[in-house]
Amino acid sequence: MLRNSESGFGAVTIVLHWAIAVLILGLILLGFVMRRTEIDPALQFSLYQWHKSFGFTVLGLAVLRAVWWSIERNPAPPPGLGPLEHTAAQIMHRALIVLALIVALAGWAVASTSTLNIPSFYFNLIVIPHLPLRQSEASEAFWTFAHALLAYLMLGLVAGHAAAAFYHHFLRRDEVLVRMLRPGARRRDAKTFNTQENDDTLVERK
Amino acid sequence: MMTPRRPVFKAIWLFALLAMATTPAAAAAAPALADAAGNYRIASSSTVQFSVPQTGGGGGIAGKFAKFSGGFRIDGSNIERSSVEFTLYPESVRSSERRIEDFLRSSAVFDTANYQTVTFRSTSVTQTGADSATVVGTLTARGKARKERFEVTLTDWNKRSIAFTIRGSIRRAPYGMDVGTPIYSNVVEFDMNIRGQKR
């Protein structure tokens with residue numbers, strides 16, 4: 001149940017996937033709101049600190065996700081997936097895994113290079129030190145831009161990723177979306193059929 | 001206080017003697033009270049600095065106020081009947097960068113659009129040493145008035161002016177300025193060099 005199998009995802013992958021998904025969407029919304037200039041300044045300060053704490057949480061989870069992804073097997077692609085689609089999916093998944101790390105690190109760089117030098121007090125529990133980067137206006141502006149740009153790029157990829165999942169679920173009517181919702185999810189009747197197809201895919205890939 | 005109140009002039013005289021006998025250059029010898037008595041206007045050459053420590057060490061927020069006014073009266077017969085009133089204009093706050101100044105002026109901190117001044121009016125003065133005293137009074141900021149205490153030390157004087165360092169640790173939360181806690185300390189350290197010109 002915890003581990004991935006040939007036919008589906010285990011609980012670890014599923015929990016990491018959705019925790020990171022929810023946090024990233026929340027952080028993008030939070031980031032968008034806190035950058036508004038007309039917002040109450042005290043609220044704005046608090047929103048920034050929440051953004052940082054949740055952002056560090058994503059960074060931690062994204063590291064776990066990347067490690068788990070690199071050591072754990074991937075379920076076989078669904079039957080009937082063309083080699084081009086399979087390659088596109090692999091590139092998308094790699095890009096999302098890497099971007100989750102890079103966007104969070106770029107956010108850390110913003111906090112670290114800002115001349116405001118505001119400590120990152122993780123949920124008011126522990127101070128997370130700044131990255132060893134020089135604090136300057138130019139550096140802060142660069143990382144702020146990079147952080148936002150990469151975040152919006154990731155949002156675009158997430159939209160594509162979600163669209164692909166819905167495409168699989170509603171048009172192709174395969175297990176792609178469902179197996180990210182239920183550990184080891186796979187209809188019994190589909191199993192033999194899929195195993196057959198998976199073997200074909202493996203051959204195809206070789 | 002159980003200690004009987006010693007005549008102030010005696011304390012000053014003793015201090016002056018002591019200062020001359022031991023470390024003549026170490027501190028400004030306190031003036032005879034009669035010489036120091038009078039009304040003073042707080043000179044613009046005075047400085048009003050503050051700092052707010054931050055968690056995990058580091059500089060925190062530091063700054064100063066460029067605009068302030070006020071005066072004090074030193075009572076010639078009893079220093080404890082002296083008084084001080086002080087007004088500072090938070091709009092004139094200066095810090096390391098514009099973003100911090102704007103934040104301090106904003107509704108999050110001083111709310112200078114609605115509250116133009118921070119005032120202090122003494123209610124009691126207690127001598128604590130030959131050249132030091134504690135001033136207690138009412139500090140009013142953002143429409144909230146609270147009793148606060150400052151420690152005053154004489155640093156310099158002549159016939160026409162007198163100077164003190166004034167230190168106080170003020171908790172900002174009761175004034176509705178708790179933004180940024182606990183990243184930034186609730187306690188603001190004030191460090192002032194106040195020079196009075198005799199009127």
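Provided above is the structure to which this section pertains.
Predicted model, so just to flag it, every value in this text is computed and none were measured.

(A) Representation of the interface of chain A and chain B within the structure. Each partner contributes to the interface: chain A provides 13 residues, whereas chain B provides 16 residues. Here the element with the most residues in the side of chain A that touches chain B is helix α2 (residues 41-71) of chain A; it accounts for 4 residues. Considered class by class, the residues forming the side of chain A that touches chain B number 8 nonpolar, 4 polar and 1 charged.

(B) Just the packing of helix α3 (residues 83-113) of chain A against helix α4 (residues 137-171) of chain A, in detail. Residues and elements named next belong to chain A. In the contact formed by α3 and α4, the axes pass within 8 Å of each other and the chain directions differ by 155°. Relative to α4, the element α3 is oriented roughly antiparallel. As α3 packs across α4, the resulting crossing turns out to be left-handed. When grouped by side-chain class, the residues that make up the contact of α3 with α4 number 16 nonpolar, 7 polar and 1 charged.

(C) Main features of helix α1 (residues 11-34) of chain A. Residues and elements named next belong to chain A. Here α1 contains 24 residues, and its C-alpha end-to-end distance of 34 Å stays within 8% of the 34 Å for a straight helix at 1.5 Å per residue. The complete set of buried residues in α1 reads Thr-13, Ile-14, Ile-20, Ile-24 and Leu-27. Buried residues in α1 make contact with α2 and α3.

What counts and what doesn't
Residues numbered from 1 in each chain as written. Chains lettered and ligands numbered in written order. Predicted model: local features only at pLDDT ≥ 70, side-chain atom pairs only at ≥ 80, totals over all residues. Contact = placed C-beta atoms within 7 Å. Helix = DSSP H or I, 4+ residues; strand = E, 2+ residues; numbered from the N terminus. Nonpolar A, V, L, I, M, F, W, Y, C, P; charged D, E, K, R; others polar. Axes fitted to C-alpha atoms, helices over the stretch in contact; angles between N-to-C directions. Parallel < 35°, antiparallel > 145°, perpendicular 65-115°, else oblique. Left-handed = near helix turned anticlockwise from the far one by under 90°. Expected span 1.5 Å × (residues − 1). Buried ≥ 20, exposed ≤ 12 C-beta atoms within 10 Å, placed from the backbone.

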